[in-house]
Amino acid sequence: MDNIVIKTIADEKEIEYLRDKSSFNYTYDQLTIDSLKKLFKLKDSLYLLAKSGDEFVGFCSVDIDWWENNYFFLREILVNPNFQKLGVGQQLMVRCIKHAKDSGAVGVVTETANDNFPMQKLSEKLNFTKWENPQWEEGITYKLVF
Ligand SMILES: CC(C)(COP(=O)(O)OP(=O)(O)OC[C@H]1O[C@@H](n2cnc3c(N)ncnc32)[C@H](O)[C@@H]1OP(=O)(O)O)[C@@H](O)C(=O)NCCC(=O)NCCS
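Conventions adopted
- Residues numbered from 1 in each chain as written.
- Predicted model: local features only at pLDDT ≥ 70, side-chain atom pairs only at ≥ 80, totals over all residues.
- Heavy atoms only, no water.
- Axes fitted to C-alpha atoms, helices over the stretch in contact; angles between N-to-C directions.
- Helix = DSSP H or I, 4+ residues; strand = E, 2+ residues; numbered from the N terminus.
- Parallel < 35°, antiparallel > 145°, perpendicular 65-115°, else oblique.
- Left-handed = near helix turned anticlockwise from the far one by under 90°.
- Contact = heavy atoms within 4.5 Å.
- Core = buried A, V, L, I, M, F, W, Y, C linked by side-chain atoms within 4.5 Å.
- Buried < 20%, exposed > 50% of the residue type's maximum accessible area, 1.4 Å probe, protein only.
- Near = heavy atom within 4 Å.
- Polar contact = N/O pair within 3.5 Å; in protein donor to acceptor, adjacent residues only side chain to side chain.
- Areas by Shrake-Rupley, 256 points an atom, 1.4 Å probe, with all protein chains shown as cover.

1. Focus on the packing of helix H2 (residues 88-102) against helix H3 (residues 117-125)
Relative to each other, H2 and H3 sit at 50°, their axes nearing to 11 Å. Judged by the angle between their axes, H2 and H3 are oblique. Classified by chirality, the crossing of H3 by H2 is right-handed. Mapping the contact onto sequence places Gly 89, Gln 90 and Met 93 in H2 and Met 119, Leu 122, Ser 123 and Lys 125 in H3.

Structure, rendered in structure tokens:
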């Protein structure tokens, strides 16, 4: 963790840096980049980028585009496989959760696939609990109520 720097993305153009970055079966393709650029414009979106020198380490984002009032959606979290299991994902997520809380959210929601055990473990470690989501039954929705 020593030489890993986490910064807040301040300009939409910086989102381009994420293009084609991947981990597990997730890749920041054109569709995702376009969607991230759109959501970046929303009030209170937070995009965090972790790097070690020029090397990509991780990305995490939270935004208000969730259908329940005053909940933030932790939309993205991805850590370069070369930097996994070092606590980066947890640190990124903790910062996004704090941001949601500081912005007046009543809680944070996130979604993951049924076979994504690292993300499930990470969510549960941060006190998210499984939540029956009437709008998405293909995977697991996690909720953290403040
Ligand atoms: C999920 C992910 C972001 C975790 O990032 P990470 O930096 O490796 O996670 P951390 O080192 O911060 O781990 C924190 C906790 O998460 C859980 N965890 C992380 N990786 C794990 C793994 N491979 N197996 C089981 N638990 C895991 C553990 O509870 C861990 O706590 P511990 O170290 O005390 O056991 C990373 O595996 C990843 O990028 N996966 C691919 C992208 C992805 O699936 N994103 C989520 C889409 S919904």
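Moving on from the coordinates now.
2. Quick word on the nonpolar core
Among the nonpolar cores identified, the biggest contains 27 residues, and Ala 50, Leu 74, Val 88, Leu 92, Met 93, Cys 96 and Phe 128 are the most heavily contacted of them. Those elements that provide at least two residues to this core are strand E4 (46-52), strand E5 (55-63), strand E6 (71-79), H2, H3 and strand E9 (140-145). At 6 residues, H2 tops the list of elements feeding residues into this core. The contact partners of Met 93, leaving out residues within four places of it in the chain, are Cys 60, Leu 74, Ile 77, Met 119, Leu 122, Ser 123, Leu 126 and Phe 128.

3. Notes on the site of the ligand
Around the ligand, 21 residues are found, and the nearest of them are Ile 77, Val 79, Gly 87, Asn 116 and Lys 125. Ile 77 places a polar main-chain atom, nitrogen or oxygen, 2.7 Å from a nitrogen atom of the ligand. Within the backbone of Val 79, an N or O atom sits 2.7 Å from an oxygen atom of the ligand. Notes on the ligand: free accessible area 920 Å², of which the protein chains cover 78%. When residues of the shell around the ligand are traced back to their parent elements, those giving at least two are E6, H2, strand E7 (107-112) and H3. Per element, the largest residue contribution to the shell around the ligand is 5 residues, and it comes from H3.

Everything listed here is a matter of geometry and, on its own, says nothing about what the molecule does.
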